[in-house]
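Examination of the molecular architecture
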Amino acid sequence: MSHTRRTFIAGGAHTPFIGKGHPDFIWKRHPDFGVKENPDIESLLKAAVDGALADTGVDPAAIDRLYLGNFLGELFSNQGHLGAALAGSHPAFAGKPAARLEGACASGGLAFLAGVDAIRAGADAVLVTGVEVQTTQSARVGADYLARAAHYRRQRSIDEFTFPALFAQRTKAYREAFGVSEEDIGHVSVKAYTNANKNPLAHMKARQMSIDVAGSENDRNPCFLANEELKPFIKMSDCSQVSDGASALLLVSEAGLAALGRVEADAVEVAGTGHAVASLYTDGDPTRLTTTQSAVEQAYASAAITAADVDVAEVHDCFTVTELMMLEALGLAKPGEGAALTRDGATAIDGAVPVNTGGGLVGFGHPVGATGVKQPLEIFRQMKGRCGDYQVNKAMNWGITANMGGDDKTVVSLAIRNLG
Ligand code: CAA
């Protein structure tokens, strides 16, 4: 598909991602329990929107369109119709076109793509947001809600924790196919927490993880599935977090960038996009993310780059094994070699291709609808030197993202070029 109008990310903001394990998250053992409440979906969305407006200095009245990614507002917050919630998050948005996009954990990625399409179709400024609240229920009830991203009728019964079980199944297949050890996979978790410990907005900013804890089951890191066959293949440390949070960013055209008084060096360009969707009703090779690979290949082809050009990546590590398969789908490692790449430090902040520098879904957290917006914003922040203690210290020309909904079903990939 050809297009002539270029799209830039001008800036944006994240709220802190919080939930169990975050020092500010209020639950029964927190001193503020019963006194204060955790931020709700409306306040998180407004905080991210206000942050993006302040970061870019855009006149809210000059925003042409608004999009929001969210998966489970109806179930966790009794709130649907979130396009109208976005329109209500600033007085200047009243009457503007605003809509919510849903594609499970790729909802944010779909909102981003809708924003790119709008710029290509003639808009000059589009606000792209994502929000999720998931802590209003226990992790067990939340797992039932999240199971709606799988084929519920067919897959819900695999375990009460449906998604952890689906990825335990992949972990088992991957380890058996490639001779990868539990400790090898543990290094993904250690990297995620190490990066998150340097990120003040990360859900796991205050929790440490060592290979002694992540490398095998122990009291601090139990296997928790009831499914006996799959139980040994996933531990707490292998899981993304049940987080609340929001992200927002501003997409602009060349004219939109000029209207902000910015030059190309202040921005990054969305140079390539990919969007692939597989059937909900059937599953493929459990050792590979084939839908992700198609989306990434589209992004590479439309940006005219290859894996060899990638300097930094944000991938959907919903579970530790997923990050390894993502590295392989991105072409950064051959099948089965993602673990060795991680163990050797190539994906660490100071490695050859830093991956998930702010902690990823395991460390930064996974407020589902926000994740696909967070990823390109993180690439922007890295490329513009805004990542503080987790800043990558090398020139970055190209970044790639992969945001996945369900078990490799809906995938959005973005190839992002630094113009600095
Ligand atoms: N020993 C044994 N078992 C233990 C334990 C211990 N010390 N601690 C906890 N458990 C078990 C128990 O069975 C417990 O359940 P109950 O309390 O109901 O009995 C269960 O683990 C959960 O414990 P907690 O509620 O205390 O744990 P938590 O709130 O810290 O949650 C987690 C931990 C279950 C791993 C949770 O973080 C989780 O579910 N993470 C994954 C989230 C997820 O699946 N997100 C979606 C990713 S998939 C994707 O991205 C694509 C898409 O489209 C959905």
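Look a little higher up for the structure.
Residues numbered from 1 in each chain as written. Predicted model: local features only at pLDDT ≥ 70, side-chain atom pairs only at ≥ 80, totals over all residues. Heavy atoms only, no water.

Quick word on the site of the ligand
As a matter of local geometry, the ligand sits amid 23 residues, with Cys105, Arg140, His316, His366 and Gly406 nearest to it. Within the contact set of the ligand, an oxygen atom lies 2.9 Å away from a side-chain nitrogen or oxygen of His366. Here the ligand has 1,100 Å² of accessible area as a free molecule, and 71% of this is covered by the chains. Listing elements by their share of the shell around the ligand, those giving two or more residues are α5 (139-146), α7 (162-178) and β8 (398-405). Taken together, the residues of the shell around the ligand sort by class into 16 nonpolar, five polar and two charged. (Near = heavy atom within 4 Å. Polar contact = N/O pair within 3.5 Å; in protein donor to acceptor, adjacent residues only side chain to side chain. Areas by Shrake-Rupley, 256 points an atom, 1.4 Å probe, with all protein chains shown as cover. Helix = DSSP H or I, 4+ residues; strand = E, 2+ residues; numbered from the N terminus. Nonpolar A, V, L, I, M, F, W, Y, C, P; charged D, E, K, R; others polar.)

Some words on the sheet that holds strand β1 (residues 8-14)
Read from one edge to the other, the open sheet built from nine strands follows the order β3-β2-β4-β5-β1-β6-β9-β8-β7, with strand pairing classed as mixed. At either end of the open sheet lies a strand with only one pairing partner, and these are β3 (98-101) and β7 (312-315). Strand-to-strand twist in this sheet, taken as the mean axis angle between neighbours without regard to direction, amounts to 25°. Contacting β6 (268-277), β8 and β9 (410-418), helix α11 (residues 290-303) crosses the sheet at an angle of about 145° to β6. (Pairing = 2+ DSSP bridges. Axes fitted to C-alpha atoms, helices over the stretch in contact; angles between N-to-C directions. Contact = heavy atoms within 4.5 Å.)

Looking at the nonpolar core
Generally speaking, a soluble globular protein has its nonpolar side chains buried in company with each other. Within the largest apolar cluster, 60 residues are counted, with the highest numbers of intra-cluster contacts made by Phe167, Leu225, Tyr300, Leu330 and Ile400. Filtering out sequence-adjacent residues up to four positions away, Ile400 remains in contact with Val296, Ala299, Tyr300, Val310, Val312, Ala313, Glu314, Leu330, Ile379, Ser413, Leu414 and Ala415. Core analysis: the second largest hydrophobic core is formed by 45 residues, Leu113, Leu201, Ile379 and Val412 among them. (Core = buried A, V, L, I, M, F, W, Y, C linked by side-chain atoms within 4.5 Å. Buried < 20%, exposed > 50% of the residue type's maximum accessible area, 1.4 Å probe, protein only.)

Focus: the packing of aromatic side chains
A full pass over the atoms with the stated rule returns six aromatic pairs. Their ring planes at 75° and their centres at 4.9 Å tell us that Phe76 and Tyr145 sit as a pair that is edge-to-face. Here the residue Phe76 occupies a position in helix α2 (residues 73-77), and Tyr145 occupies one in helix α5, the gap between them amounting to 69 residues. With respect to class, Phe76 is no different from Tyr145; both count as buried. Taking the centre distance of 5.0 Å and the plane angle of 25° together, the rings of Phe167 and Phe319 count as stacked. Taken together, the residues span a long stretch of sequence, with Phe167 in helix α7 and Phe319 in the loop between β7 and α12 (320-329) at a distance of 152 residues. Considered together, Phe167 and Phe319 belong to a single accessibility category, that of buried residues. Linked through ring pairs, Phe163, Phe167 and Phe319 together constitute an aromatic cluster. The residue whose ring lies beneath Lys20 is Trp27, and the NZ or CZ to ring-centre distance is 5.3 Å. (Phe/Tyr/Trp six-rings, centres within 6.5 Å; stacked < 30°, edge-to-face > 60°. Lys NZ or Arg CZ within 6 Å of the ring centre and 35° of its normal.)

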